[in-house]
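Per-entry structural report
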Amino acid sequence: MTTVMAADPGERVEGADWAALAGEVNEHGCALTPPVLTPDECREIAALYDDAGRFRSTVDMARHRFGQGQYRYFARPFPEPVQRLREAFYPRLLPIARDWAAKLGRPAPWPDTLAEWLEMCHAAGQARPTPILLRYGAGDWNALHRDLYGELVFPLQVVIGLDVPRADYTGGEFLLVEQRPRAQSRGTVTALEQGRGLVFTTRDRPVRSTRGWSAAPVRHGVSTVRSGRRRTLGLVLHDAS
């Protein structure tokens, strides 16, 4: 039986089983969504990389010792699918963010809408947009890191695969490394299928401990691309200073 996708990327996000996805994020620190972009939409977004006027800055990872490869931050206004995806993911991830804050005894400053939250970021001096298009070739990789960008941080973000693993490229798995309280770190590896989003932890997340809940720091990166070209769309839900 063929599954018919909703016409709009935002509707696809809203139609996902968010109870199940929240359970996976709580258990593993990450979860794969169903397809939120069609193959044609993936190719159209990936092709924007060569239109320099769409972006506010370009980062060469080797120059900054972030790894090897390149990425570009979108300038406003964003392409419509990028804007719709960001707007659709925020309210679905908000309940998880507030739950985590409650477990860790932290403030939960995030309002009900993305627009209100970004206004708070801008008032705090975080006004630079953070949607990002990443491009890796053979031999490229991304060091473990966290996308914080300022004092105001949303605790979850999303990366969407734009190419087909094992067909367009090999290697290039998404890496998530969680530092467990008083224990060795735990690693999670995900092959990012075309059009699917990976929801994952931005900075840290609550894990059960003998004393209740503890914050486990989390970093993410990308393993070495062995062949081909790997492109992804990154959706950070706070802006940068």
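How each quantity is defined
- Residues numbered from 1 in each chain as written.
- Predicted model: local features only at pLDDT ≥ 70, side-chain atom pairs only at ≥ 80, totals over all residues.
- Heavy atoms only, no water.
- Axes fitted to C-alpha atoms, helices over the stretch in contact; angles between N-to-C directions.
- Helix = DSSP H or I, 4+ residues; strand = E, 2+ residues; numbered from the N terminus.
- Parallel < 35°, antiparallel > 145°, perpendicular 65-115°, else oblique.
- Left-handed = near helix turned anticlockwise from the far one by under 90°.
- Contact = heavy atoms within 4.5 Å.
- Nonpolar A, V, L, I, M, F, W, Y, C, P; charged D, E, K, R; others polar.
- Pairing = 2+ DSSP bridges.
- Core = buried A, V, L, I, M, F, W, Y, C linked by side-chain atoms within 4.5 Å.
- Buried < 20%, exposed > 50% of the residue type's maximum accessible area, 1.4 Å probe, protein only.
- 1 Å grid on protein atoms, 1.4 Å probe; cavity = no way out; pocket = protein on both sides within 12 Å on 5 of 7 lines; lining within 4 Å.
- Points joined across faces, edges and corners; volume = space filled by probe spheres on them.

Focus: the packing of helix 2 (residues 18-28) against helix 4 (residues 80-104)
- Closest axis-to-axis distance for the helix 2/helix 4 pair is 11 Å, and the angle between their directions is 45 degrees. Between helix 2 and helix 4, the crossing angle belongs to the class labelled oblique. You can see that helix 2 and helix 4 cross each other, and the crossing is right-handed. Of helix 4, the residues touching helix 2 (which contributes Trp18, Ala22, Val25 and Asn26) are Phe89, Arg92, Leu93, Ile96, Asp99 and Trp100.
- Tallied by class, residues from the contact of helix 2 with helix 4 come to seven nonpolar, one polar and two charged.

Brief notes about the sheet that holds strand 4 (residues 70-74)
- The seven strands lie next to each other as 1-11-7-15-5-4-2, forming an open sheet whose pairing is antiparallel. Of all strands in the sheet, those bounded by a partner on one side alone are strand 1 (30-35) and strand 2 (55-60). Going from strand to strand, the sheet's axes swing by 20 degrees on average, the running direction of each strand aside.
- Both strand 7 (residues 156-161) and strand 11 (residues 196-201) contribute to a ladder of five bridges, which runs antiparallel. Bridge pairing links Val158 to Val199 in strand 11.
- The strands touched by helix 4 are strand 1, strand 4, strand 7, strand 11 and strand 15 (230-235); relative to strand 7, the strand with the most contacts, the crossing angle is about 140 degrees.

A short note on the nonpolar core
- Residues Leu85, Phe89, Leu93, Trp117, Leu133, Phe154 and Leu233 are the most contacted members of the largest nonpolar core, which totals 44 residues.
- Per-element accounting of this core gives the leading share, eleven residues, to helix 4.
- When neighbours within four sequence positions are excluded, Leu233 is seen to be in contact with Ile45, Phe74, Val82, Leu85, Ile132, Leu133, Val158, Val159, Ile160 and Leu162.
- Residues Tyr71, Tyr136, Val222 and Val225 belong to the second largest nonpolar core, which totals ten residues.

Description of the layout of surface pockets
- A volume near 380 Å³ is recorded for the largest pocket.
- For the largest pocket, the lining is made up of 26 residues, of which Leu134, Asn142, His145, Asp147 and His220 are closest to its centre.
- Those elements giving two or more residues to the lining of the largest pocket turn out to be strand 4, strand 5 (132-136), strand 6 (141-145), strand 7, strand 13 (212-222) and strand 15.
- Looking at the lining of the largest pocket residue by residue, the classes come out as 16 nonpolar, seven polar and three charged.
- Its volume calculated, the second largest pocket comes out at about 220 Å³.
- Top contributing element to the lining of the second largest pocket by residue count: helix 4, with four residues.
- Tallied by class, residues from the lining of the second largest pocket come to twelve nonpolar, no polar and four charged.

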